Amino acid sequence: MNNIFLLPHSKYEELAKVYKAMAHPTRLLIIDALSRGERCVGELQEMVGNDMSTVSKHLAILKQAGLIRDERRGKYIFYTLVCPCIVDTFHCIGNKLQE
């Protein structure tokens, strides 16, 4: 019998964790911003409009899910989107929502 699933069953649990990490408007905004290039935490905080501790919590969730990575440069931390193709789903779903 052929396997009709694209991924092994164990990978669907990991995939669900990634989608769960994205399941917040602020985290979607952060991903969208990072799809245009790296940003420091202060820029993200200004874009999102939340306090620094809230933005940091959102960043930690995205980092734990493996969607972003950070790099400290002096006193600043810069964030980069690890999986830029994730934004393709934004376009796909966004087009559907406009119908």
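A short tour of the structure in this document, coming up. (Residues numbered from 1 in each chain as written. Predicted model: local features only at pLDDT ≥ 70, side-chain atom pairs only at ≥ 80, totals over all residues. Heavy atoms only, no water.)

1. Some remarks on the pattern of salt bridges
Then, in step 1: Inspection of the entire model under this criterion finds six salt bridges.
Then, in step 2: Lys11 is the salt-bridge partner of Glu14, the closest N and O atoms lying 3.5 Å from each other. In this pair, Glu14 and Lys11 both sit in helix H1 (residues 9-22), three residues apart, roughly one turn of the helix.
Then, in step 3: What makes Lys11 partly exposed here is its relative accessible area of 38%.
Then, in step 4: Ionic pairing is found between Lys63 and Asp70, a salt bridge with its closest N-O pair at 3.0 Å.
Then, in step 5: When salt bridges that share partners are traced, they join Glu38, Glu71 and Arg73 into one network. (Salt bridge = Lys/Arg side-chain N within 4 Å of Asp/Glu carboxyl O. Helix = DSSP H or I, 4+ residues; strand = E, 2+ residues; numbered from the N terminus. Buried < 20%, exposed > 50% of the residue type's maximum accessible area, 1.4 Å probe, protein only.)

2. What about the sheet that holds strand E1 (residues 39-40)?
Then, in step 1: Read from one edge of the open sheet, three strands run E1-E3-E2, paired in antiparallel fashion. Looking at the sheet topology across the chains shown, the edges are occupied by E1 and strand E2 (68-73).
Then, in step 2: Judged from the six bridges that link them, E2 and strand E3 (residues 76-81) form a sheet pairing that is antiparallel. Considered in E3, the bridge of Glu71 is made with Phe78. (Pairing = 2+ DSSP bridges.)

3. Some points on the packing of helix H2 (residues 25-34) against helix H3 (residues 41-48)
Then, in step 1: Direction vectors running N to C along H2 and H3 enclose 125 degrees, while the axes themselves pass 10 Å from each other. Taken as axis vectors, H2 and H3 run oblique relative to one another. The interaxial crossing formed by H2 with H3 has right-handed handedness. Where H2 abuts H3, its residues Thr26, Ile30, Ala33 and Leu34 lie against Leu44, Met47 and Val48.
Then, in step 2: Each residue belonging to the contact of H2 with H3 can be placed in one class, and the counts come to six nonpolar, one polar and no charged. (Axes fitted to C-alpha atoms, helices over the stretch in contact; angles between N-to-C directions. Parallel < 35°, antiparallel > 145°, perpendicular 65-115°, else oblique. Left-handed = near helix turned anticlockwise from the far one by under 90°. Contact = heavy atoms within 4.5 Å. Nonpolar A, V, L, I, M, F, W, Y, C, P; charged D, E, K, R; others polar.)

The values are spatial; any link to function lies outside them.
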